[in-house]
Protein chains: 2
Amino acid sequence: MTTTAGRPRSFDTDEVLDRAVDLFWRRGYRDTTTRDLESALGISQSSLYNAFGSKQGLMEAALDRYEKLTEDALLTPLETAEGLDGISEFFEALAAWVTGDGRRGCMIINLMAENGGADDLVDKRTRRYRRRVRDALRDALLRAGIESHAEVRADLLFGEVLGINVVARGGAGSSEVERLLAAAQHLINSWR
Amino acid sequence: MTTTAGRPRSFDTDEVLDRAVDLFWRRGYRDTTTRDLESALGISQSSLYNAFGSKQGLMEAALDRYEKLTEDALLTPLETAEGLDGISEFFEALAAWVTGDGRRGCMIINLMAENGGADDLVDKRTRRYRRRVRDALRDALLRAGIESHAEVRADLLFGEVLGINVVARGGAGSSEVERLLAAAQHLINSWR
DNA sequence: CTTTCTTTGGAGCAAGCGCCCCAAAACGAT
DNA sequence: ATCGTTTTGGGGCGCTTGCTCCAAAGAAAG
């Protein structure tokens, strides 16, 4: 195990990835050019390609980072939620998540829609993410004492999650998002 | 009123538009190049630009055509449906609509997601379409005798419509679409 | 200091993009 | 047959794309 020599990096990888997440989130993958990244990340294309290999490689790294962000803000709270209140709060957090800043929806779901099944790797990652959210909803229902038709109700809630995302992505302003949020809350309350 | 002279078109506009709809539907707007259109529509780019002005112009014309298609297949049945059965049938027809052929979701909703609020014209058209679907759901509920919380329930159903679309677009195969379909049916049945 | 290794900036490449130009073609009108 | 008008095909233009090449720079190891 020898220490390697060479010129050190002039940037912090995580900071750069945060900015990449921000750009991919708002503009999508295809519409974000390597020149856009160059100026937004503050590093040259040389450094970008040296560090991440390709635009796709950078996107995957950004996706990892995004998943951790969404894990802390949305998934973990949902997976540890007790009662229907926890699920209700998840939807509130979700609505805030997809409308904050210049954001438009969830980066992963946007990516899934943009990809349209073209890239296998994106396909697998988004599929895994979908399953995780759906299962978390089902488990939260079970923990809340909802045992009849828990699977179907989880699918129902999951559909609303996707609906909220696509409406946020479509850019209808937050009013349509709040309508769907209220509808989801109404549904949850009807199960009390 | 004089009759115009000149060389006649060698193609039928509606046939060409049908093929354009098919391409834009499957591949999206951005990923469909004018060369793709040239070979798929069977006409040269010259004819394409002469007839439709631009790629965007062709897309708008294709959008008009698509709206008529979806009107006949989905909207009109929904707008004239009686009872909850009609709404249930709408969802079945929707699920078939977004998974048929090599299709992936609804062309308009895909376009909305792809656009992400960038183009104002697409924004307006998709907003109008969303409202129409949502209002049709509400009216159908009222016609079915569901008068309490009709608005909220329409939003709920509309969220499921969007969810079904985005899952179909994501390309999870038809199994996930059918899960969401079953969930929507379950919801509707719970209102009987 | 010299060597060794990596990173950095800048220029640039091949390919693809939407779109345009223009001569030839194909019709109706005269 | 000749004109006026529109469509058609082919070539090509200017631009952007993701990506690469390479000399210079910067730090650790000897």
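Right above here is the structure, for reference.
Residues numbered from 1 in each chain as written. Chains lettered and ligands numbered in written order. Predicted model: local features only at pLDDT ≥ 70, side-chain atom pairs only at ≥ 80, totals over all residues.

Undergrad: Would you explain the overall build of chain A in this entry?
TA: Of the regular secondary structure elements, chain A holds nine helices and zero strands. Mapped in sequence order, the helices and strands of chain A form the string α-α-α-α-α-α-α-α-α. Projected onto its principal axes, the C-alpha positions of chain A cover 60 × 45 × 30 Å. Split into buried and exposed, the 192 residues of chain A put 40% on the buried side. Considering only residue pairs separated by 6 or more positions, chain A has 57% of its internal contacts joining residues 24 or more positions apart. (Helix = DSSP H or I, 4+ residues; strand = E, 2+ residues; numbered from the N terminus. Buried ≥ 20, exposed ≤ 12 C-beta atoms within 10 Å, placed from the backbone. Contact = placed C-beta atoms within 7 Å.)

Undergrad: For this particular structure, what's the right way to read the interface of chain B and chain A?
TA: You'll often see interface size given as the accessible area lost when the parts meet. Tallying the contact residues gives 33 residues for chain B and 33 residues for chain A. Elements with a contribution of two residues or more to the side of chain B that touches chain A: α6 (107-115), α7 (120-143), α8 (150-170) and α9 (174-189) of chain B. Looking at the side of chain B that touches chain A element by element, the count peaks at twelve residues for α8 of chain B. The class makeup of the residues in the side of chain B that touches chain A is 14 nonpolar, ten polar and nine charged. (Nonpolar A, V, L, I, M, F, W, Y, C, P; charged D, E, K, R; others polar.)

Undergrad: What exactly am I supposed to notice about the nonpolar core here?
TA: Nonpolar side chains in soluble globular proteins tend to end up buried together. With 112 residues, the main nonpolar core has Ala20 and Ile164 of chain A together with Ala20 and Ile164 of chain B as its most contacted residues. The residues touching Ala20 of chain A, leaving out its near neighbours within four places in the chain, are Leu37, Leu41, Leu58 and Ala62 of chain A. (Core = buried A, V, L, I, M, F, W, Y, C linked by C-beta atoms within 7 Å.)

Undergrad: Would you take a moment to explain the protein's contact with DNA strand D for this structure?
TA: Taken together, 27 residues lie near DNA strand D, and Lys55 of chain A together with Gly6, Arg7, Ser46 and Ser47 of chain B sit nearest. Those elements giving two or more residues to the surface near DNA strand D turn out to be α2 (34-41), α3 (45-52) and α4 (55-79) of chain A together with α3 (45-52) of chain B. A total of four residues in the surface near DNA strand D trace back to one element, the largest contributor, which is α3 of chain B. Residue composition of the surface near DNA strand D, by class: six nonpolar, 16 polar and five charged. (Near = placed C-beta within 6 Å.)

Undergrad: Explain the relation of the copies chain B and chain A here, please?
TA: The two chain copies are connected by a rotation around an axis plus a translation along it. Its rotation angle being 180°, the transformation that places chain B on chain A also includes 0.0 Å of axial translation and leaves an RMSD of 0.1 Å. Put plainly, the chains are arranged around a two-fold axis. Measuring from the rotation axis to each C-alpha of chain B, the shortest distance belongs to Gly163 of chain B, at 2.4 Å. Comparing interface residues between copies, 100% of those in chain B also lie at the interface in chain A; the contact surface is shared. (Least-squares fit on C-alpha atoms with pLDDT ≥ 70 in both.)

Undergrad: Mind showing me how you'd approach unusual backbone geometry here?
TA: Excluding glycine, a negative phi dihedral is what most residues carry, and trans is how most peptide bonds are arranged. Residue and element names in this part refer to chain A. Phi is positive for Asp101, which is not a glycine, with a value near 50°. Tracing the sequence through the fold places Asp101 in the loop between α5 (83-99) and α6 (107-115). The exposure class assigned to Asp101 is exposed, which follows from the 8 C-beta atoms found within 10 Å.

Undergrad: Looking at this structure, I do not really get the protein's contact with DNA strand C. What am I missing?
TA: For DNA strand C, the set of nearby residues contains 27 residues, the closest of which are Gly6, Arg7, Ser46 and Ser47 of chain A together with Arg7 of chain B. Elements with a contribution of two residues or more to the surface near DNA strand C: α3 of chain A together with α2 (34-41), α3 and α4 (55-79) of chain B. Here the surface near DNA strand C takes four residues from α3 of chain A, the largest share from any one element. Class assignment of the residues belonging to the surface near DNA strand C gives a composition of six nonpolar, 16 polar and five charged.

Undergrad: I keep staring at helix α1 (residues 13-27) of chain B and nothing clicks. Help me out?
TA: Since one α-helical turn is 3.6 residues long, residues separated by three or four positions face the same way. All names here are of chain B. With 15 residues, α1 ought to run about 21 Å at 1.5 Å a step, and its terminal C-alpha atoms sit 21 Å apart, in line with that. Among the residues of α1, Val16, Leu17, Ala20, Val21, Leu23, Phe24 and Trp25 are the ones counted as buried. Backbone geometry just after α1 places Gly28 at a positive phi near 85°. (Expected span 1.5 Å × (residues − 1).)

Undergrad: How should I be thinking about the packing of helix α8 (residues 150-170) of chain A against helix α9 (residues 174-189) of chain A in this particular structure?
TA: When two helices pack together, you describe them by how their axes are tilted relative to each other and by the distance separating the axes. All names here are of chain A. At their nearest, the axes of α8 and α9 sit 9 Å apart, and the two run at 170° to each other. Between α8 and α9, the crossing angle belongs to the class labelled roughly antiparallel. Counted together, Leu157, Glu160, Gly163, Ile164, Val167 and Ala168 of α8 and Glu176, Val177, Leu180, Leu181 and Ala184 of α9 form the full contact between these two elements. Here the residues of the contact of α8 with α9 sort into eight nonpolar, one polar and two charged. (Axes fitted to C-alpha atoms, helices over the stretch in contact; angles between N-to-C directions. Parallel < 35°, antiparallel > 145°, perpendicular 65-115°, else oblique.)

Undergrad: Explain the environment of Ile43 of chain A here, please?
TA: Residues and elements named next belong to chain A. Here Ile43 lies in the loop between α2 and α3. Residue class for Ile43 comes out partly exposed when judged on the 18 C-beta atoms lying within 10 Å of it. Taking the C-alpha atoms as reference, Ile43 lies 35 Å from Leu162; in sequence the two are 119 residues apart. In this view, Ile43 contacts Phe11, Val16, Glu38 and Leu48; residues no more than four positions away in its chain are not counted.

Undergrad: Sorry if this is basic, but what is going on with the packing of helix α5 (residues 83-99) of chain B against α8 of chain B here?
TA: Residue and element names in this part refer to chain B. Two elements in contact, α5 and α8, have axes separated by 9 Å at closest approach and are oriented at 25°. The pairing of α5 with α8 is recorded here as roughly parallel in orientation. Between α5 and α8 lies a crossing of right-handed hand. On the side of α5, the interface is formed by Leu94, Ala95, Val98 and Thr99, while α8 contributes Val161, Ile164, Asn165 and Ala168. The residue makeup of the contact of α5 with α8, split by class, is six nonpolar, two polar and no charged. (Left-handed = near helix turned anticlockwise from the far one by under 90°.)

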